[in-house]
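# Inside the fold
If you want the building blocks of each chain, they are given just below.
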Amino acid sequence: MQNIPPQVQAMLGQLESYQGQLQLVIQQKQKVQLELTEAKKALEELEKVEDGTTIYKTVGTLIVKTDKAKAVEELKEKVETLEVRLSALERQEKKLNEKLKELTAQIQSALRPPTAG
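For the structure given in this document, a descriptive report is provided here.

A tally of helices and strands in the protein yields two helices and two strands. Counting from the amino terminus, helix and strand elements in the protein follow one another as α-β-β-α. Relative to the compact-globule value of 13 Å for 117 residues, the protein shows a C-alpha radius of gyration of 24 Å, a clear excess of over 25%. If you line up the protein on its principal axes, its C-alpha atoms span 85 × 30 × 15 Å. The buried share among the 117 residues of the protein stands at 24%. Expressed as a percentage of contacts within the protein between residues at least 6 apart in sequence, the contacts between residues at least 24 apart total 72%. Here the protein has roughly 9,000 Å² of accessible surface; of this, 52% comes from carbon and sulfur atoms. Mean positive and mean negative side-chain charge positions of the protein (18 and 18 charges, respectively) differ by 5 Å.

As C-alpha cells, then:
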C-alpha cells in the first residue's frame, strides 16, 4: 500500500480489533446456542418421564441421583440463564457489526482521493 496516513492506520487497527471481538462473540454465541438446544431437548425428554421415576444427572465427573421436579427446575433455570446470555451476545454482535460498518465507511472516505472542484 501507499503511504497510509497515521489516522487511517489507527482506524485500520481499530477495525482489526473489532473483527477479532466479533469473532469471539460469534463463537460464544454458537456455544450458548448449542447448550440451549441441548438443555431444551433434555427438558422436553424429562417432561415425558413419569413423576417418581429415578433421574440421574451429571455433576462434573460424577453421576448423581435426583428427582424429576428438582431436575426440571434446574433445567428451566439453565434454559432461562442461557436465553439471557444469548440475548446479550446478540446485542453485542449487533453493536460490533454497526461499529465495523461505520468504521469501514470512515476508512473508505479517508482513503478516497479528494475530488477536484
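Let us look at the side chain of Glu93. Relative to the helices and strands, Glu93 is located in helix α2 (residues 68–111). With a relative accessible area of 15%, Glu93 lands in the buried category. In this structure the side chain of Glu93 is engaged in a polar contact, spanning 2.7 Å, whose partner is the side chain of Lys29. With residues near it in sequence (within four places) discarded, Glu93 still touches Leu22, Val25, Ile26 and Lys29.

Its 44 residues give α2 an end-to-end C-alpha distance of 63 Å, which sits within 8% of 64 Å, the value for a rise of 1.5 Å per residue. At the N-terminal boundary of α2, the capping side chain belongs to Asp67, with an oxygen 3.2 Å from the backbone nitrogen of Ala69.

Before going further, it helps to examine helix α1 (residues 6–48). For α1, built from 43 residues, the straight-helix expectation of 63 Å at 1.5 Å per residue is met to within 8% by its first-to-last C-alpha distance of 63 Å. Residues of α1 that are buried include every one of Val8, Met11, Leu15, Tyr18, Leu22, Val25, Lys29, Val32, Leu36, Ala39, Leu43 and Leu46, and no others. Where α1 is buried, its residues contact β1 (55–59) and α2.

By volume, the largest pocket amounts to about 330 Å³. Every residue lining the largest pocket is counted, 13 residues in all, and those nearest its centre are Lys57, Thr58, Glu74, Leu75 and Lys78. It is α1 that contributes the most residues to the lining of the largest pocket, five residues altogether. The residue makeup of the lining of the largest pocket, split by class, is seven nonpolar, one polar and five charged.

Along any regular strand, the residues point their side chains to alternate faces of the sheet. Inspection of the sheet shows β1 paired to strand β2 (residues 62–66) by five bridges, in the antiparallel sense. By the bridge assignment, Thr58 is partnered in β2 with Ile63. Connecting β1 to the antiparallel partner β2 that follows it, the hairpin turn spans two residues, and Gly60 within it adopts a positive phi of roughly 65 degrees.

Judged by nonpolar contacts, the single largest core of 24 residues is most densely connected at Leu46, Leu103 and Ile107. Those residues in contact with Ile107 that lie beyond four places of it in its chain are Val8, Met11, Leu12 and Leu15.

Mapped onto the secondary structure, Lys68 falls in helix α2. Given the relative accessible area of 10%, Lys68 is considered buried. If we ignore the near neighbours within four places in the chain, the residues touching Lys68 are Leu46, Glu47, Val49, Glu50, Asp51 and Ile55.

Definitions and limits used
Residues numbered from 1 in each chain as written. Predicted model: local features only at pLDDT ≥ 70, side-chain atom pairs only at ≥ 80, totals over all residues. Heavy atoms only, no water. Helix = DSSP H or I, 4+ residues; strand = E, 2+ residues; numbered from the N terminus. Rg over C-alpha atoms; globule rule 2.2 N^0.38 Å. Buried < 20%, exposed > 50% of the residue type's maximum accessible area, 1.4 Å probe, protein only. Contact = heavy atoms within 4.5 Å. Areas by Shrake-Rupley, 256 points an atom, 1.4 Å probe, with all protein chains shown as cover. Lys, Arg positive; Asp, Glu negative; His and termini not counted. Charge placed at Lys NZ, Arg CZ, Asp CG, Glu CD. Polar contact = N/O pair within 3.5 Å; in protein donor to acceptor, adjacent residues only side chain to side chain. Expected span 1.5 Å × (residues − 1). 1 Å grid on protein atoms, 1.4 Å probe; cavity = no way out; pocket = protein on both sides within 12 Å on 5 of 7 lines; lining within 4 Å. Points joined across faces, edges and corners; volume = space filled by probe spheres on them. Nonpolar A, V, L, I, M, F, W, Y, C, P; charged D, E, K, R; others polar. Pairing = 2+ DSSP bridges. Core = buried A, V, L, I, M, F, W, Y, C linked by side-chain atoms within 4.5 Å.

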